[in-house]
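# Overview (structure and organization)
Listed below, chain by chain, are the residues.
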Amino acid sequence: MLGYVLRRTANGHDAADSLAETFMTAWRRLDDVPVGAKARPWLFGVARRVLANHHRGERRHTALTARLASELSAIQRQPREEPADMDALAKAFADLSDGYREVLSLADWEDLSIAEIAVVLNCSVNAVRIRLHRARRRLARALSVDPPRRAARAQVPAGESA
């Protein structure tokens with residue numbers, strides 16, 4: 001039986017999986033296994049169907065992989081139009097604490113509801129609402145600050161006004 005599946009699979013791992021599934025099927029259908037010399041051809045028939053399922057699954061996997069690769073390639077070829085202030089947003093986001101970045105990511109990038117975020121973070125819905133509100137407020141505050149003005153004010157010596 002091992003030789004049969006080895007000759008019909010691409011590698012030893014697939015053969016081992018197919019052989020295990022063949023005998024698992026035989027075990028589950030023990031009452032259906034013929035007695036005596038008829039058991040061997042019956043097992044070959046089971047192995048043949050197991051291999052057919054395996055090959056069908058491989059074809060589906062290959063087709064799906066090719067389709068996803070094609071879609072990913074198409075996405076990567078599309079020019080990305082990023083707003084001019086994307087660097088400021090990325091910096092402001094990076095400056096947030098891990099907790100705030102996580103709650104914002106779950107809400108806005110992963111598009112999870114507040115209840116779903118509560119499950120992910122293992123906290124109450126109310127706690128998520130508060131964290132999300134604070135995270136958005138801090139991000140907005142970081143984006144509304146005009147960095148050149150802050151730098152100019154920082155250069156004015158103490159006691160003088162700008």
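Our structure is the block above this text.
Let us now look at the side chain of Thr-22. Note that Thr-22 resides in helix α2 (residues 12–28). What Thr-22 contacts, discounting residues up to four positions off in sequence, is Leu-43, Val-46, Ala-47 and Val-50.

The biggest cluster of nonpolar side chains holds 14 residues, and the ones touching the most others in it are Leu-96, Val-103, Leu-104, Ile-117 and Leu-139. Of all the secondary structure elements, the ones that give two or more residues to this core are α4 (86–95), α5 (98–109), α6 (114–121) and α7 (125–144). It is α5 that provides the largest number of residues to this core, a total of 5 residues. Once residues lying within four places of it in the same chain are set aside, the contact partners of Leu-104 are Phe-93, Leu-96, Trp-109, Leu-132, Ala-135, Arg-136 and Leu-139.

Let's shift gears to a negative patch on the surface. A surface patch of negative charge is lined by Glu-102, Glu-110, Asp-111 and Glu-116. One can find Asp-111 in the loop between α5 and α6. Residue Asp-111 is classed as exposed on the basis of its relative accessible area of 65%.

This part is about the packing of α4 against α7. Across the interface, α4 lies against α7 with an axial gap of 9 Å and an inter-helix angle of 135°. Between α4 and α7, the angle is such that the two are oblique. Relative to α7, the crossing made by α4 is right-handed. Note on element contacts: α7 touches α4 through Leu-139, Ala-142 and Leu-143, opposite Ala-88, Leu-89, Ala-92 and Phe-93.

All right, on to a nonpolar patch on the surface then. Taken together, the side chains of Met-24, Trp-27 and Leu-30 present a nonpolar region at the surface, about 370 Å² in accessible area. Residue placement: Leu-30 occurs in the loop between α2 and α3 (39–77). According to the relative accessible area criterion, Leu-30 is partly exposed, its value standing at 48%.

With that settled, the discussion passes to the pattern of salt bridges. Following the criterion strictly, the structure yields 5 salt bridges and no others. Put simply, Asp-32 and Arg-29 hold a salt bridge, and the shortest N to O gap is 3.0 Å. For the salt bridge of Asp-98 with Arg-101, the shortest nitrogen-to-oxygen distance reads 2.2 Å. On the criterion of helical spacing, the pair formed by Asp-98 and Arg-101 is a turn pair, its members being 3 residues apart in helix α5.

Conventions we followed
- Residues numbered from 1 in each chain as written.
- Predicted model: local features only at pLDDT ≥ 70, side-chain atom pairs only at ≥ 80, totals over all residues.
- Heavy atoms only, no water.
- Helix = DSSP H or I, 4+ residues; strand = E, 2+ residues; numbered from the N terminus.
- Contact = heavy atoms within 4.5 Å.
- Core = buried A, V, L, I, M, F, W, Y, C linked by side-chain atoms within 4.5 Å.
- Buried < 20%, exposed > 50% of the residue type's maximum accessible area, 1.4 Å probe, protein only.
- Patch = residues over 30% accessible without salt bridge, like charges linked within 9 Å, V, L, I, M, F, W, Y side chains within 5 Å.
- Areas by Shrake-Rupley, 256 points an atom, 1.4 Å probe, with all protein chains shown as cover.
- Salt bridge = Lys/Arg side-chain N within 4 Å of Asp/Glu carboxyl O.
- Lys, Arg positive; Asp, Glu negative; His and termini not counted.
- Charge placed at Lys NZ, Arg CZ, Asp CG, Glu CD.
- Axes fitted to C-alpha atoms, helices over the stretch in contact; angles between N-to-C directions.
- Parallel < 35°, antiparallel > 145°, perpendicular 65-115°, else oblique.
- Left-handed = near helix turned anticlockwise from the far one by under 90°.

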